[in-house]
Amino acid sequence: MRYRAGVALTDPASPIDIAERIGVSVWFLRTPSMEGMFLQTPHPQILLSALRPLGRINFTCAHELGHHWFKHVAHVDLNADEEPLLLANTEDEFQANAFATSLLMPKTAVQHGFVKRTANPANASPRQFLAIAHWLGVGYTTLVHYANINLSLISDAQASALLRHKPKKIVEHELDTPSTGAVVVVDRAWRTRAIDMQVGDVAIVDGQLEFSGECVHLRHKTAKHTLVQAIRPGTGHLDGGAGWSAYVRVRPFQFEGRSIFRHLEEEADADS
Amino acid sequence: MSSSPPEPSVIVDRLRTAREHAGLSQGQVAKLLDMHRPTISEIEAGRRRLTAEELVRFSDLYGVGLDWLTGKASDRIDLADIRVAMVARDLNKLKEKDLERVLNFIASVQGERK
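Residue numbering note: each chain is counted from 1, following its sequence as written. Written order decides the labels, with chains lettered from A and ligands numbered from 1. With pLDDT at 70 or above as the cut-off, local features in this predicted model cover only qualifying residues; side-chain atom pairs require 80 or more to be listed or tallied, and sums for whole chains, interfaces and linings still use all residues. Note that the side-chain values use all heavy atoms of the structure and ignore hydrogens as well as water.

Draft legend 1. Focus on the side chain of Glu54 of chain B. All names here are of chain B. Secondary structure counts use DSSP, requiring at least four H or I residues in a row for a helix and at least two E residues in a row for a strand, with both numbered from the N terminus. Mapping Glu54 onto the fold places it in helix α4 (residues 52-62). A 3.5 Å cut-off defines polar contacts: any pair of N or O atoms within that distance qualifies, except that in protein one atom must be a possible hydrogen donor and the other a possible acceptor, and neighbouring residues in sequence count only when both atoms are side-chain atoms. Only 3.0 Å separates the side chain of Glu54 from the backbone nitrogen of Thr51, close enough to count as a polar contact. In what follows, a contact means two residues having at least one pair of non-hydrogen atoms within 4.5 Å. For Glu54, the residues in contact, after removing those within four places along its chain, are Met35, Arg48 and Arg49.

Draft legend 2. Up close: the pattern of salt bridges. The working definition used for a salt bridge is a side-chain nitrogen of Lys or Arg within 4 Å of a carboxyl oxygen of Asp or Glu. In total, this model carries 19 salt bridges over all chains according to the counting rule given. Glu256 of chain A serves as the salt-bridge partner of Arg101 of chain B, at 3.5 Å between the closest nitrogen and oxygen. Note that Arg101 of chain B is positioned in helix α7 (residues 96-109) and Glu256 of chain A in the loop between β12 (244-251) and β13 (257-258), a pairing that runs across two chains. The partner of Glu267 of chain A in a salt bridge is Lys31 of chain B, with the nearest N and O atoms 3.7 Å apart. Of this pair, Glu267 of chain A sits in the segment after β13 while Lys31 of chain B sits in helix α2 (residues 26-32), placing the two residues on different chains.

Draft legend 3. View of the packing of helix α7 (residues 140-150) of chain A against helix α8 (residues 156-163) of chain A. Residue and element names in this part refer to chain A. Working convention: axes come from line fits to C-alpha atoms, limited for helices to the stretch in contact. Angles between N-to-C directions cover 0 to 180 degrees. Relative to each other, α7 and α8 sit at 175 degrees, their axes nearing to 9 Å. Between α7 and α8, the angle falls in the class roughly antiparallel. Seen from α7, the contacting residues are Tyr140, Thr141, Val144, His145 and Asn148; seen from α8, they are Asp156, Ala159, Leu162 and Leu163. Each angle is binned into one of four classes, with values under 35 degrees roughly parallel, values over 145 roughly antiparallel, values of 65 to 115 roughly perpendicular, and all other values oblique.

In structure tokens:
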């Protein structure tokens, strides 16, 4: 599917963008008890809960794309406790999960992530794992488990040590004030894909920045990082100098609707 | 399925519902369809008649079926409906409010133009 969607094996993949590119409609619904759903008729469509963190949404979307790829019958994936999607209990679910992990975290992309950060998975820090997880668009815990169990890049002991760190705590000291939204770690190895945020999220970006667009504003600067906060839907551009830049896309908080509209700027006379 | 001709209010209600479910404001719709914002407002208030061509454009933009938009199709699909039989197997595990939302969604996209 990466080949069909034109995404290189070394790059991160946005399953929502891929779905749109291959003609699968994606919708967000504010449904607490529905994780995701795939419908074959009248044409392929994926429904996702708008109430989940982005890493979870991406994994669910990739999972539903797997059902499309393997032509499984339509079905619902119910919300469950932590990491429910890694606990497949039917052949279809197993296939869809394998598809999702291969799409989001192919070994080449994961290894490329470490190489670009001149890091060795065997002794990489929690922050480096967090930055790579965010770059790949997956959860920190998901990446650690996958690097340990599926890719054998890290030992059980290292995985246990990494899992003792909660993602928000890893970068908590880098924030000026606690964040109620998600915190995205963006380092200078972040290439080839947009930084996806929802209104209220904060990005901790390495170094100093110039930015264009009105979807983010400067929240705080330190000697090492620039904190930008997503304030309204739309797209923008971050320019860190020395050849580094990235696009940023902001969707409304818990956006409900067609995915193709999630980054539209609000019109001045918006009524709803 | 309804057999009686749709009332204009049905179309008006569904246009507004479909726009909100697509995640769009009236201003965004006006921009996307190259129409004036007050025109969208007039249409949703039932004060301006739609042409067949405009209905198709709204249907495409909102990703909903033309039959649903014009009130020819029900706003809620039945669990026994054969077209969603495979889905219904698991839908009964959803919380009632979410199930309602999902069934409404499925009803709206059935027969969507691709």
